[in-house]
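What follows is each chain in one-letter form.
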Amino acid sequence: MSEHWTFHTVAEELLSIIPNLGRLIAQYVQCTGEEEATLVQVGTLFHLIEQPTTVSDLAKKRKVSLQSASVHVQSLVERGWVVRLPDSADRRRSLLEVTPQGLVSAQAAKCELTEHLAGVLDGLTPEEIAAAQVFIPALKRTISELTGFDANFELHSTGR
């Protein structure tokens, strides 16, 4: 790789790989045949683990419609992964909180996806892993600064 990369080159490369990475993850979830959790549900759980919030605030944070957030939340409530609690500051509102069962499901989904992706990345050289160790935290920081989203989604990581 003798060419000099610029910010634009990095952006183009990321744009070319992100859809394929998403497809790879979606294929894995679909192929497992388990109906444990969809990626959207797991993402919603991760957001709610950070702190209890309202459906409206969740929709804003995830940049989805209120209707879409309500549908996702209702499916999580029906599974017993999320509960609605009265907001002590405003009795008209409910706060969404992840249940212990929801936390276990989110942790399991994270572990399964991590193991699958680790298998996909198994062919990387030590030098490529070292480059990722520098690049990925910098990318997370940049995205977090621009969006206000924490890109870490830490759930008592196994540290594998």
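Note: the structure precedes this text.
Notes on the structure follow. (Residues numbered from 1 in each chain as written. Predicted model: local features only at pLDDT ≥ 70, side-chain atom pairs only at ≥ 80, totals over all residues. Heavy atoms only, no water.)

Another point: the pairing of strand S1 (residues 82-87). Residues in a regular strand point their side chains to alternate faces of the sheet. With six bridges connecting them, S1 and strand S2 (residues 90-98) associate as antiparallel partners. The residue bridging Val-82 from the neighbouring strand is Val-98, located in S2. In sequence, S1 turns back onto S2 through a hairpin of two residues. (Pairing = 2+ DSSP bridges. Helix = DSSP H or I, 4+ residues; strand = E, 2+ residues; numbered from the N terminus.)

What tends to happen in soluble globular proteins is that the nonpolar side chains get buried as a cluster. Counting 13 residues, the largest nonpolar core has Leu-45, Leu-48, Val-82 and Leu-96 as the members making the most contacts within it. Excluding its chain neighbours within four sequence positions, the residues that come into contact with Val-82 are Leu-45, Leu-48, Leu-76, Val-77, Leu-96, Glu-97, Val-98 and Thr-99. (Core = buried A, V, L, I, M, F, W, Y, C linked by side-chain atoms within 4.5 Å. Buried < 20%, exposed > 50% of the residue type's maximum accessible area, 1.4 Å probe, protein only. Contact = heavy atoms within 4.5 Å.)

Moving on to the pattern of salt bridges. Scanning the entire structure with this criterion turns up four salt bridges. One salt bridge in this structure joins Asp-87 and Arg-93, with 2.8 Å as the shortest N-O distance. (Salt bridge = Lys/Arg side-chain N within 4 Å of Asp/Glu carboxyl O.)

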